[in-house]
Amino acid sequence: MENRSVVKSIRLTGFYEMEDLKYLYFFTFFFLYITILTMNFVLIGVIYVEKALHEPMYLFLCNLAFNGLFGSTALLPPLLAALMTKTHEVSLSCCQAQIYCLHTYAITEFTILAVMGYDRYVAICHPLQYHSIMSVSKVCKCIVVSWLYPLLGFTIVFGLTLRLIFCKNGIDKVYCINYSLIKLSCEDASIVNISGLVSVIAYTVPQIAMIIYSYIHILKVCLHSSKESQIKALRTCSPHLAAVLIYSIGLFFEVCQNRLNMGNVPYGTRLFMSLYYLIFPPLLNPAIYGISIKAIRVRIYKVFRCKILVTPKTQQVAVK
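Residues numbered from 1 in each chain as written. Predicted model: local features only at pLDDT ≥ 70, side-chain atom pairs only at ≥ 80, totals over all residues. Heavy atoms only, no water.

Trainee: Explain the overall build of the protein to me, please; I cannot follow it from the model alone.
Mentor: Within the protein one finds 10 helices and 3 strands. In the protein, the succession of helices and strands from N to C terminus is β-α-α-β-α-α-α-β-α-α-α-α-α. Overall size of the protein, expressed as C-alpha extent along the three principal axes, is 70 × 60 × 35 Å. Out of the 320 residues belonging to the protein, those deemed buried represent 44%. Taking the contacts inside the protein whose residues are at least 6 apart along the sequence as the reference set, 80% of them involve residues at least 24 apart. (Helix = DSSP H or I, 4+ residues; strand = E, 2+ residues; numbered from the N terminus. Buried < 20%, exposed > 50% of the residue type's maximum accessible area, 1.4 Å probe, protein only. Contact = heavy atoms within 4.5 Å.)

As structure tokens, this is what we get:
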């Protein structure tokens, strides 16, 4: 115990290969962050303002957008700050805080997508009972559970990581994750690793089961429905399926990064794979739902059209 050095800061070695183009990377990530903020805030604002959108599906979508803001804010501002430092170091406490936020974002995202899948199942398989099943109280409970389940669940697992003593301080990424931090421990972390693997199963299997269950029943109903009903079901489910696919690809990339030897993979590919699940879902989800759902698309069009038409008139009145 006496020979162990207590690490106070973490070096993010993934930044070293950005040195030659760090200003290009900085403005790229900054632009992505501003775009994510704008798109998600617009989506949340439209759902809040438009009373016709105060339905369970849109409330869950609003919840998804808020989680996208949470995850991207936990990633990109610290990433931009670390990119511009000479040592690319962050304090251990900041690293641990980022780990907690990013992991809870990841679990919450999947949980919300599972709840949204269940909502589509009820809407298509039980349309007449939809509003009684998806009551206001049930929607509120689903939203609360989709946040409390990840926040409290990961706290238990992360508590084991916080008890470790670290004698190494290099993480080969541009952000902190739990698995990489555990590998810096001076102690035997086998129990922590096992609990981490168990938690991955606990935080993904129920959600996957709910999504598969929902779409099996949706498929059964569609097979016995008219062509018009099938097209309507496809339209209402396609944005959700796209969101699930985009996020699942990101999780697959992250598992490959953590569990496989990626030393021979080019740096740009590794960077893309590590950032995919943290940047692309918050970036693409608002666009997918905004384009696919007519009520949202029309409302956004009306808002921007009104601004374009009203502004010149207002300016003319001001001149007079």
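Trainee: Would you mind showing me how to read the sheet that holds strand β3 (residues 170-171) here?
Mentor: Paired through backbone hydrogen bonds, the strands of a sheet run either parallel or antiparallel to each other. The 3 strands lie next to each other as β2-β1-β3, forming an open sheet whose pairing is mixed. Sheet topology places β2 (89-91) and β3 at the edges, where each strand pairs with a single neighbour. (Pairing = 2+ DSSP bridges.)

Trainee: I tried to follow the packing of helix α3 (residues 92-125) against helix α7 (residues 190-223) on my own but got confused; where do I start?
Mentor: Packed helices, taken two at a time, are described by the angle their axes make and the gap between the axes. Between α3 and α7, the least distance of the axes is 9 Å, while the angle of their chain directions is 20°. By the criterion of interaxial angle, the relationship of α3 to α7 is roughly parallel. Regarding α3 and α7, the two cross each other, and that crossing is left-handed. Across the interface between the two elements, Ile 107, Phe 110, Thr 111, Leu 113, Ala 114, Val 115, Gly 117, Tyr 118, Arg 120, Tyr 121, Ile 124 and Cys 125 of α3 pack against Tyr 203, Thr 204, Gln 207, Ile 208, Met 210, Ile 211, Tyr 213, Ser 214, His 217, Ile 218 and Val 221 of α7. Its residues assigned to classes, the contact of α3 with α7 comprises 16 nonpolar, 6 polar and 1 charged. (Axes fitted to C-alpha atoms, helices over the stretch in contact; angles between N-to-C directions. Parallel < 35°, antiparallel > 145°, perpendicular 65-115°, else oblique. Left-handed = near helix turned anticlockwise from the far one by under 90°. Nonpolar A, V, L, I, M, F, W, Y, C, P; charged D, E, K, R; others polar.)

Trainee: Before we go on, may I ask you to explain a nonpolar patch on the surface in this structure?
Mentor: A cluster of nonpolar residues, Tyr 23, Phe 27 and Met 84, forms a patch on the protein surface that exposes about 340 Å² of accessible area. Mapping Phe 27 onto the fold places it in helix α1 (residues 22-49). (Patch = residues over 30% accessible without salt bridge, like charges linked within 9 Å, V, L, I, M, F, W, Y side chains within 5 Å. Areas by Shrake-Rupley, 256 points an atom, 1.4 Å probe, with all protein chains shown as cover. Salt bridge = Lys/Arg side-chain N within 4 Å of Asp/Glu carboxyl O.)

Trainee: What should I look at first to understand the nonpolar core in this one?
Mentor: In summary, soluble globular proteins display a tendency toward joint burial of nonpolar side chains. Residues Ile 10, Phe 29, Leu 61, Leu 75, Val 174, Tyr 175 and Leu 275 are the most contacted members of the largest nonpolar core, which totals 87 residues. Per-element accounting of this core gives the leading share, 17 residues, to α3. Setting aside residues up to four positions removed in sequence, Phe 29 forms contacts with Met 18, Leu 76, Leu 79, Leu 80, Leu 271, Leu 275 and Ile 279. Grouped together as the second largest cluster of nonpolar side chains are 7 residues, Phe 253, Cys 256, Met 262 and Met 273 included. (Core = buried A, V, L, I, M, F, W, Y, C linked by side-chain atoms within 4.5 Å.)

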